[in-house]
Amino acid sequence: MAVQFPRPVLADEYERCIALEEVFVTKVEDKACISSILKALKSSLPLPGLEHLKRVKSLDDGVSIVLCRSSDVTDINSFFREICEMWNIRVDGLGQPLVAMVPRHQCLTRQQFEDASKHWPVNYHENKHVARAISGELFDDVELKEMKQYMELAIAAANHCMTMKKDPVGAVVVDAHTHSVLAISCDHTCNHPLQTAVMVCVDLIAQSQGGGVYQLGVPFANAHLCSQLKDCISNQFSSTDQLAGCLLDRLLVTGENREPTTHKTAENQMPYCSNRKRKLHMQHDEKSSQPYLCTGYDLYITREPSIMCAMALVHSRIRRVFYRVVDPNRGALGSTCKLHVQHGLNHHFEVYVGGLCEADYIS
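This one's a predicted model, so the numbers in the text were calculated from it and none came from an experiment. Here the residue numbers are simple positions, counted from 1 along each chain's written sequence. Residues qualify for local features only when their pLDDT is at least 70, as the model is predicted, and side-chain atom pairs are given and counted only at 80 or more; totals for whole chains, interfaces and linings, by contrast, use all residues. Water and hydrogen atoms were dropped before computing side-chain values, which therefore reflect all heavy atoms in the structure.

**Student:** Now, about the overall build of the protein chain: what can you tell me, with residues and values included?
**Tutor:** Secondary structure follows DSSP: runs of H or I at least 4 residues long count as helices, runs of E at least 2 residues long count as strands, and numbering of each begins at the N terminus. Within the protein chain, the secondary structure is distributed over 12 helices and 10 strands. Taken over 363 residues, the protein chain has a buried fraction of 48%. Note on contacts: a residue pair is in contact if any heavy atoms of the two residues lie within 4.5 Å. For the protein chain, contacts bridging at least 24 residues in sequence account for 69% of all contacts bridging at least 6. Where accessible areas are quoted, they stem from the Shrake-Rupley method and a 1.4 Å probe; at the residue level, only the protein chains shown are allowed to cover. A total accessible area of about 18,300 Å² is found for the protein chain, and carbon and sulfur atoms account for 52% of it. Only protein chains enter the accessibility calculation, which uses a 1.4 Å probe; a residue is then buried when its area is under 20% of its type maximum, exposed when over 50%, and partly exposed in between.

Below you can see the structure in the form of structure tokens.
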């Protein structure tokens, strides 16, 4: 059965199986000695990298305590005698060192915790947000309905690409806090290799903030295509305020071949950006009133973005990305890599796939 909610695309650590590592343990029958032994272990035999382990495992007739990794010592019996002398503990008060298998990595999900606990007790602090995303409880019915509408707009834009014999990819940028559509675009790489749906969307947001590098031609030159998209928008949104923000980029309906330029678009050449964002730009100082590009915004796109587009989303500070279908050959948000969770990047964002459209979308 297909997943009926957006599935989070998490780092590989959230999906890995439990890996085990060898350690030496000893049995302690006299529970009065446990406290002093643990205190000595903490100071003299820490377990770097295994902090998620609980040092003690309860048994029916005592406890078992982790001494050290098996790779840390060559002669465990000699080592065992040395530490007993150092701690002033009677050797006959402890069991002989034995090898045990314990979880190597920290548990990040409830399933990992349950699997790891079968081998050895571990510490686990659940990330409530991730847990709700995995279980499908992160979005309520009202949110899902609205999110599906946004994805339908992206699909409508992609369908227009197909009528214009372009790569069928559509994208929508949304401010979820104000429930506003800020930009809608589709793929135009047939005009210029950098004019992907994502890149055009980001440029539209930049132009609404007084920046941007694309001059995108005469708005709405193709009245038939524009009318079709307006019908789709009208069917998806009943709110006139939302509809006012759903103005399309001019490339979507003109098909004009325009080169990138560093010349900023004039104020009267921005009708395809959100009216709300344009008014903010006109009324307030840009630095004090505007967010940085897509900060706090969500992207809905019909196909998984490539590495170039994913990096553009990193640089533009997108908040969340929802995509409809995977791109196994070029996708950078789950297929060929998971760029949004790469260590070392100065921004990370959430990614979700599927679950927002009942109809099949052909990539």
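**Student:** Quick rundown of the pattern of salt bridges? Include the residues and the values.
**Tutor:** For this document, the term salt bridge refers to a Lys or Arg side-chain nitrogen within 4 Å of an Asp or Glu carboxyl oxygen. For the structure on display, the rule yields 12 salt bridges. In this structure, Lys338 engages Asp12 in a salt bridge whose closest nitrogen and oxygen atoms are separated by 2.9 Å. You can see Lys338 sitting in the loop between strand S9 (320-325) and strand S10 (350-353) and its partner Asp12 sitting in the loop between strand S1 (7-8) and strand S2 (20-28), a full 326 residues away along the chain. A cluster of three or more residues bridged by salt bridges with shared partners is formed by Asp12, Glu15 and Lys338.

**Student:** Lay out the sheet that holds strand S4 (residues 62-69) with the relevant residues and their values.
**Tutor:** Strand pairing within a sheet occurs via backbone hydrogen bonds; the two strands may be parallel or antiparallel. Paired strands, in this sense, are two strands between which DSSP finds at least two bridges. Taken together, the four strands give an open sheet; going across it, the order is S3-S4-S2-S5, and neighbouring strands pair in antiparallel fashion. Looking along the sheet, the strands with just one partner apiece sit at the ends: strand S3 (56-59) and strand S5 (98-103). Across the sheet, the mean angle from the axis of one strand to that of its neighbour is 45°, orientation sign disregarded. Here S2 pairs with S5 via six bridges, running antiparallel. Paired with Val25 across the bridge in S5 is Leu98. Angles shown run from 0 to 180 degrees and are taken between the N-to-C directions of axes, each axis being a line fitted to C-alpha atoms and, for helices, limited to the stretch in contact.

**Student:** How would you sum up the pairing of S2? Please name residues and give values.
**Tutor:** Looking at chain direction, S2 and S4 are connected through six bridges and run antiparallel. In the sheet register, Val23 faces S4, and the bridge partner there is Arg69.

**Student:** Which residues make up the sheet that holds S1, and what values do they have?
**Tutor:** Pairing is mixed across the open sheet formed by six strands, whose spatial order is S1-S10-S9-S8-S6-S7. Every interior strand has two partners, whereas the edge strands, S1 and strand S7 (180-186), have only one. Two elements, strand S8 (residues 298-303) and S9, share five bridges in a ladder whose sense is parallel. Bridge pairing in S9 places Asp298 opposite Arg320. Lying over the sheet, helix H6 (residues 197-208) contacts strand S6 (170-175), S7 and S8, oriented at roughly 140° with respect to S7.

**Student:** Can you explain unusual backbone geometry? Please cite residues and give values.
**Tutor:** A positive phi angle, near 50°, is found at Leu293, a position not held by glycine. In this structure, Leu293 sits in the loop between helix H11 (286-289) and S8.

**Student:** Quick one: what's the story with empty space enclosed by the protein, residue by residue and with numbers?
**Tutor:** Buriedness of a pocket was judged along seven lines, with at least five required to meet protein on both sides within 12 Å; pockets are open sets of points on a 1 Å grid over the protein atoms alone, cavities are sets where a 1.4 Å probe fits but cannot get out, and lining residues have an atom within 4 Å of a point. Grid points are joined across faces, edges and corners, and a volume is the space filled by probe spheres set on the points. All chains considered together, the criterion is met by one cavity of 30 Å³ or more. One number sums up the size of the largest cavity: a volume of about 60 Å³. What lines the largest cavity is simply Arg16, Cys17, Ile18, Ala19, Pro103, Arg104, His105, Gln106, Cys107 and Gln112.

**Student:** Pulling in residues and values, what's your account of helix H1 (residues 34-44)?
**Tutor:** Inspection of H1 places Ile34, Ile37, Ala40 and Leu41 among the buried residues, and these make up the whole buried set. Seen end-on, H1 carries its buried residues on one side only, within an arc spanning 130°. In H1, the exposed positions angled more than 90 degrees off the buried face are occupied by Ser35, Lys39, Lys42 and Ser43. Within this analysis, the arc is defined by the directions that extend from the helix axis to the C-beta atoms.

**Student:** How would you explain the nonpolar core if you had to name every residue and give the values?
**Tutor:** One finds Val173, Leu299, Ile301, Ile318, Val321 and Phe349 to be the most contacted residues of the largest nonpolar core, which totals 30 residues. Secondary structure elements with two or more residues in this core: S6, S7, H6, S8, helix H12 (307-315), S9 and S10. Ranked by the residues each element gives to this core, the list is headed by H6, at seven residues. The contact partners of Val321, leaving out residues within four places of it in the chain, are Leu299, Ile301, Leu313, Leu333, Phe349, Glu350, Val351 and Tyr352. Core analysis: the next-biggest nonpolar cluster, separate from the first, contains 22 residues, Tyr150, Val181, Ile184 and Tyr300 among them. The nonpolar core is taken to be a set of buried Ala, Val, Leu, Ile, Met, Phe, Trp, Tyr and Cys residues, with the residues joined through side-chain atoms within 4.5 Å.

**Student:** Break down the packing of aromatic side chains for me, with residues and values.
**Tutor:** Between 30 and 60 degrees the pair is tilted, below 30 it is stacked and above 60 it is edge-to-face, where a pair is any two Phe, Tyr or Trp rings, Trp via its six-membered ring, whose centres lie within 6.5 Å. Counted under the stated rule, the structure contains six aromatic pairs. Look at Tyr300 and Phe322: their rings are 4.8 Å apart centre to centre, the planes differ by 10°, and that puts the pair in the stacked class. One end of the pair, Tyr300, is in strand S8; the other, Phe322, is in strand S9, with 22 residues separating them in the sequence. Grouping residues by exposure puts Tyr300 and Phe322 together as buried. Relative to Tyr352, the ring of Phe322 has its centre 5.1 Å away and its plane inclined at 15°; by these criteria the two rings are stacked. Of this pair, Phe322 sits in strand S9 while Tyr352 sits in strand S10, placing them 30 residues apart in sequence. Tyr352 carries the same exposure label as Phe322, and that label is buried. Taken together, the aromatic side chains of Phe139, Tyr150, Tyr300, Phe322 and Tyr352 make up a single cluster linked through ring pairs.

**Student:** Kindly report on the side chain of Ser180, identifying the contributing residues and their values.
**Tutor:** Looking at where Ser180 falls in the secondary structure, it is placed in strand S7. In the analysis that follows, any N or O atom pair within 3.5 Å is treated as a polar contact, provided that within protein one partner can donate a hydrogen and the other can accept it, and provided that, for residues neighboring in sequence, both atoms belong to side chains. At 3.1 Å, the side chain of Ser180 and the side chain of Thr178 are in polar contact.

**Student:** How would you explain the pairing of S8 if you had to name every residue and give the values?
**Tutor:** Here S8 lies mainly inside the structure; six of its six residues are buried. One ladder, built from four bridges, connects S6 with S8; its direction is antiparallel. Paired with Ala171 across the two strands is Ile301, which belongs to S8. A crossover links S8 with its parallel partner S9, the connecting element being H12, and its sense is right-handed. Classification remark: right-handed applies to a crossover when, strands pointing away from the viewer, the course from the first strand over the helix to the second runs clockwise.

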